[in-house]
Amino acid sequence: MIAPSVLAADFDRLADEIVAVVEGGADWIHVDVMDGHFVPNLTFGAAMIKTAERTVDVPIDVHLMVERPEQYFDEYVDAGADILTVHAEATTHLHRQLQRVRELGVKAGVAINPGTPLSAVDAVWGAFDLLLVMSVNPGWSGQRFISESLDRLRIARQRIDRLPEDSRPWLEVDGGITADNAADVVRAGADVLVSGSGVYGGDDPAARTRALRQATVD
Ligand code: DX5
Ligand code: ZN
């Protein structure tokens, strides 16, 4: 699946930019929420989720790069989030947060930074629906893919494939994904490719979304 990140869109034409990637075949819209504390950058919140939700019909995949993410769960689910992903590094009570997200009736994701061992999620397998392996240090769009992420994806894939089929989370990769490395991350086991500048970095996001998907099957 392809999940374009609106962080890299042209905000002057936000609705058009969101429609364009869905016309290009995007499966989800990825919304990067940053609080200026967990990551140095500050972005947007419920208003962006609402805009995406009323503009297109695909699931809204919300990536919370915030401290104490639980304070936003209700608001973001009301705004239309379909998946809420929290960072393992951002909360002391990871298991409780995942449970709370599921109780709200949406999918629960866990994200891990490039410097966080995969074992950070060892105690919570079964409690989440999506594992997000960051392939850049979160904060900005347009950074270069960290190549060591491929090994991390392979290891995560092996671990996921040992779970019963009906409880396997999606494996998502986020950061520096372009048509040049899309096939590599898919071969390493990723199911969902987030792409910001890879999709919005030119003047035809629909075509770039199609090209990204094509690159995964080349
Ligand atoms: C990084 C964000 C990403 C980012 C992706 O902090 O979580 O979703 O927008 O942008 P690119 O694809 O440009 O790295
Ligand atoms: Zn993201």
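Scope of this entry: the structure provided in the associated data block. The residue count restarts for each chain, going from 1 along the sequence in the order it is written. Each chain is given a letter, starting from A, and each ligand a number, starting from 1, according to the order in which they appear as written. Local features in a predicted model are, by the rule used here, given only for residues with pLDDT of at least 70; side-chain atom pairs are given and counted only at 80 or more, and totals for whole chains, interfaces and linings are based on all residues. Excluded from the side-chain calculations are hydrogens and water; all other atoms, namely the structure's heavy atoms, are used.

Details of the site of ligand 1
- Near, as used in this document, describes a residue that has one of its heavy atoms within 4 Å of the molecule or strand being considered. Taken together, the neighbourhood of ligand 1 is formed by 20 residues, with Asp 32, Gly 139, Asp 174, Gly 196 and Ser 197 sitting nearest.
- Identification of polar contacts relies on pairs of N or O atoms within 3.5 Å, with a donor-acceptor requirement for protein atoms, meaning one able to donate a hydrogen and the other able to accept it, and with residues adjacent in sequence counted only if both atoms are side-chain atoms. Between Ser 5 and ligand 1, the recorded distance is 3.1 Å, taken from a side-chain N or O atom to an oxygen atom.
- Separating an oxygen atom of ligand 1 from a side-chain N or O atom of Ser 141 is a distance of 2.8 Å.
- Where accessible areas are quoted, they stem from the Shrake-Rupley method and a 1.4 Å probe; at the residue level, only the protein chains shown are allowed to cover. Taken by itself ligand 1 offers 380 Å² of open surface, and the protein chains cover 100% of this.

A word on the pattern of salt bridges
- Basic side-chain nitrogens of Lys or Arg form a salt bridge, by our definition, when they fall within 4 Å of a carboxyl oxygen of Asp or Glu. A full pass over the atoms with the stated rule returns nine salt bridges.
- With a shortest N-O distance of 2.7 Å, Asp 27 and Arg 213 are connected by a salt bridge. Pair noted here: Asp 27 is in the loop between α1 (14-23) and β2 (29-34) and Arg 213 is in helix α8 (residues 205-217), with a separation of 186 residues, a long-range link.
- Partly exposed describes any residue whose relative accessible area lies between the buried limit of under 20% and the exposed limit of over 50%, with all areas from a 1.4 Å probe on protein chains only and scaled to the type maximum. Judged by relative accessible area, Asp 27 falls into the partly exposed class, the value being 24%.
- Close ionic contact of Asp 151 with Arg 154 constitutes a salt bridge, the shortest N to O distance being 2.6 Å. Placement of both Asp 151 and Arg 154 in helix α5 (residues 149-161) is noted, with a separation of three residues, approximately one turn of the helix.
- Using a relative accessible area of 45% as the deciding quantity, one classes Asp 151 as partly exposed. Here a strand is any run of E in DSSP of at least two residues, a helix any run of H or I of at least four, and the numbering for each starts at the N terminus.

Here we look at the pairing of strand β6 (residues 130-134)
- β6 sits mainly inside the fold: five of its five residues count as buried.
- Burial along β6 is two-sided: the residues Leu 130, Leu 132 and Met 134 and Leu 131 and Val 133 are all buried.
- Pairing geometry for strand β5 (residues 107-112) and β6, over four bridges, is parallel. Note that in β6 the partner of Ile 112 across the bridge is Val 133.
- Viewed along the sheet, the connection from β6 through α5 into strand β7 (residues 170-174) turns out right-handed. The pairing criterion is simple: DSSP has to find at least two bridges between the two strands. By the criterion used throughout, a crossover qualifies as right-handed when its path from the first strand across the helix to the second strand runs clockwise, the strands pointing away from the viewer.

Details of the packing of aromatic side chains
- Paired rings are identified among Phe, Tyr and Trp, the last through its six-membered ring, by centres lying within 6.5 Å, and are further divided according to the angle between planes into stacked (under 30 degrees), edge-to-face (over 60) and tilted (the rest). Here the structure, examined in full by the defined rule, presents four aromatic pairs.
- For the ring pair Tyr 72 and Tyr 76, a centre distance of 5.4 Å and an interplane angle of 15 degrees mean the geometry is stacked.
- Of the residues examined, Tyr 76 reaches a relative accessible area of 4% and is grouped as buried.

Overview of the layout of surface pockets
- Each pocket or cavity is described by its volume, and for the largest pocket that value is around 260 Å³.
- Taken together, 26 residues make up the lining of the largest pocket; nearest its centre are Ser 141, Gly 142, Asp 174, Gly 175 and Gly 176.
- Of all the elements in the fold, those that place two or more residues in the lining of the largest pocket are β2, β3 (60-65), β8 (192-195) and α7 (197-200). Buriedness of a pocket was judged along seven lines, with at least five required to meet protein on both sides within 12 Å; pockets are open sets of points on a 1 Å grid over the protein atoms alone, cavities are sets where a 1.4 Å probe fits but cannot get out, and lining residues have an atom within 4 Å of a point. Grid points are joined across faces, edges and corners, and a volume is the space filled by probe spheres set on the points.

Quick notes on the environment of Val 185
- The topology assignment puts Val 185 in helix α6 (residues 182-187).
- Look at Val 185 and you get buried, because its relative accessible area is 0%.

With respect to the sheet that holds β3
- Judged by pairing direction, the sheet is parallel, and its eight strands sit side by side in the order β1-β8-β7-β6-β5-β4-β3-β2 without closing on themselves. For this open sheet the edge positions go to β1 (2-4) and β2, each flanked by a neighbour on one side alone. Going across the sheet, the axis of each strand differs from the next one's by a mean of 25 degrees, ignoring polarity.
- Its contacts with the sheet put helix α4 (residues 94-103) on β4 (83-87) and β5, and the angle it makes with β5 is roughly 150 degrees. Between N-to-C directions, angles cover 0 to 180 degrees, with each direction set by a line fitted to C-alpha atoms, over the stretch in contact for helices. The contact rule is simple, with two residues in contact once any of their heavy atoms fall within 4.5 Å.

Some thoughts on the side chain of Ser 149
- Mapping Ser 149 onto the fold places it in helix α5.
- In this structure, Ser 149 is in contact with Met 134 and Ser 135, ignoring residues within four places of it in sequence.

Some points on the coordination of the zinc ion (ligand 2)
- Taken together, His 30 (NE2), Asp 32 (OD), His 63 (ND1) and Asp 174 (OD) make up the protein donors of the zinc ion (ligand 2), found 2.0 to 2.3 Å from the metal.
- Donors, by definition, are the N, O and S atoms found within 2.8 Å of a metal, the threshold being 3.2 Å for Na, K and Ca, and water is not counted, so a site can look incomplete. Labels for metal geometry use angle windows, namely 85 to 135 degrees for all angles of a four-donor tetrahedral site, and for square planar (four donors) or octahedral (six donors) sites opposite donors over 155 degrees apart plus all others within 65 to 115; sites meeting none of these are irregular. Around the zinc ion (ligand 2) sit six donor atoms, and with donor-metal-donor angles ranging over 70 to 169 degrees the site reads as octahedral.
- On the primary sequence, the residues serving as donors to the zinc ion (ligand 2) are separated as H-x1-D-x30-H-x110-D. Within this pair, whereas His 63 is found in strand β3, its partner Asp 174 is found in strand β7, the two being separated by 111 residues in sequence.
- Judged by relative accessible area, Asp 174 falls into the buried class, the value being 8%.

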